[in-house]
Amino acid sequence: MKKRGQVSIFMILGLVILLSVGVVLYFRQAALEEPELVEPRLMPVKNFVEDCVYLTGEQGIRKIGSTGGFITIPLEVETNPYSYLSIAPGGGFKLPYWYYRGRNSAPPLSQGENSIQEQIDSYVKDNLKGCLDGFKSFENDFTVKEKGDIDSEIIIGEEDVRINIFYPLTITDKENKEVSKVSRFSVRLPVKLKKIYE
């Protein structure tokens, strides 16, 4: 009789822990998706950053599409002439085989090292500041200062690719000297990358 009581207690305890974790994850995700309120006068800066995120993400996805799933071809593929198809004369453009001689070298879509999701993430982080160009297009109206590094989250969905960026900025209006903060930027690219991959 005691053993059945102990099993019941452990089952109830496990259920409570499972529900708690589920609730925490739900509210954490809901907080990430909640839009950041931005003053109307700062919308040009926010829109500019989101346009650059969109363009940079699109460039990364196009590179992945044109080079067989890799932004940068891995060294083991690059150095083995039997593991890729040379498209351009002189080997300037290489299209890696995903499966060759019993070896699967396809990049994973969303998990693992060198996954497509990770490559897009790295590409956006590495190239976003080049697009922003130090916010020079706003230097007459605003002073924009970075207050932290770029952090990104790439979500490859059924119908699109979403890029969420956390990039803390302090924006000072040169006319009235008001200081504001903006940190969250989000774009949706209408690319069915998951369907293409599968």
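On a predicted model such as this, the values are computed, not experimentally measured, just so you know.

This part takes up the packing of helix α2 (residues 43-66) against helix α4 (residues 116-132). Viewed as axis vectors pointing N to C, α2 and α4 meet at an angle of 135°, and their least axial separation amounts to 8 Å. Regarding the angle of α2 to α4, the classification is oblique. Crossing handedness for the pair α2 and α4: right-handed. Only Ile116, Gln119, Ile120, Tyr123, Val124, Asn127, Leu128, Cys131 and Leu132 of α4 make contact with α2, whose side of the interface consists of Phe48, Val49, Cys52, Val53, Thr56, Gly57, Gln59, Gly60, Ile61, Lys63 and Ile64. Grouping the amino acids of the contact of α2 with α4 by side-chain chemistry returns 13 nonpolar, six polar and one charged.

Relative to the 34 Å expected for 24 residues at 1.5 Å per residue, α2 spans 34 Å between its end C-alpha atoms, a close match to the ideal helical length. Of the residues making up α2, those classed as buried are Val45, Lys46, Val49, Glu50, Cys52, Val53, Thr56, Gly57, Gly60, Ile61 and Ile64. Buried residues along α2 sit in contact with α4, β5 (142-146), β7 (161-173) and β8 (179-189). Among the residues trailing α2, Gly68 stands out with phi positive, at a value near 70°.

On to the confidence of the model for the protein chain. Within the protein chain, residue pLDDT values average 82, and 87% of them lie at 70 or more. Element-level pLDDT for the protein chain is lowest in helix α1 (residues 2-33), with a mean of 68, against a maximum mean of 93 in α4.

Cut-offs applied
Residues numbered from 1 in each chain as written. Predicted model: local features only at pLDDT ≥ 70, side-chain atom pairs only at ≥ 80, totals over all residues. Heavy atoms only, no water. Axes fitted to C-alpha atoms, helices over the stretch in contact; angles between N-to-C directions. Helix = DSSP H or I, 4+ residues; strand = E, 2+ residues; numbered from the N terminus. Parallel < 35°, antiparallel > 145°, perpendicular 65-115°, else oblique. Left-handed = near helix turned anticlockwise from the far one by under 90°. Contact = heavy atoms within 4.5 Å. Nonpolar A, V, L, I, M, F, W, Y, C, P; charged D, E, K, R; others polar. Expected span 1.5 Å × (residues − 1). Buried < 20%, exposed > 50% of the residue type's maximum accessible area, 1.4 Å probe, protein only. pLDDT = per-residue confidence, 0-100.

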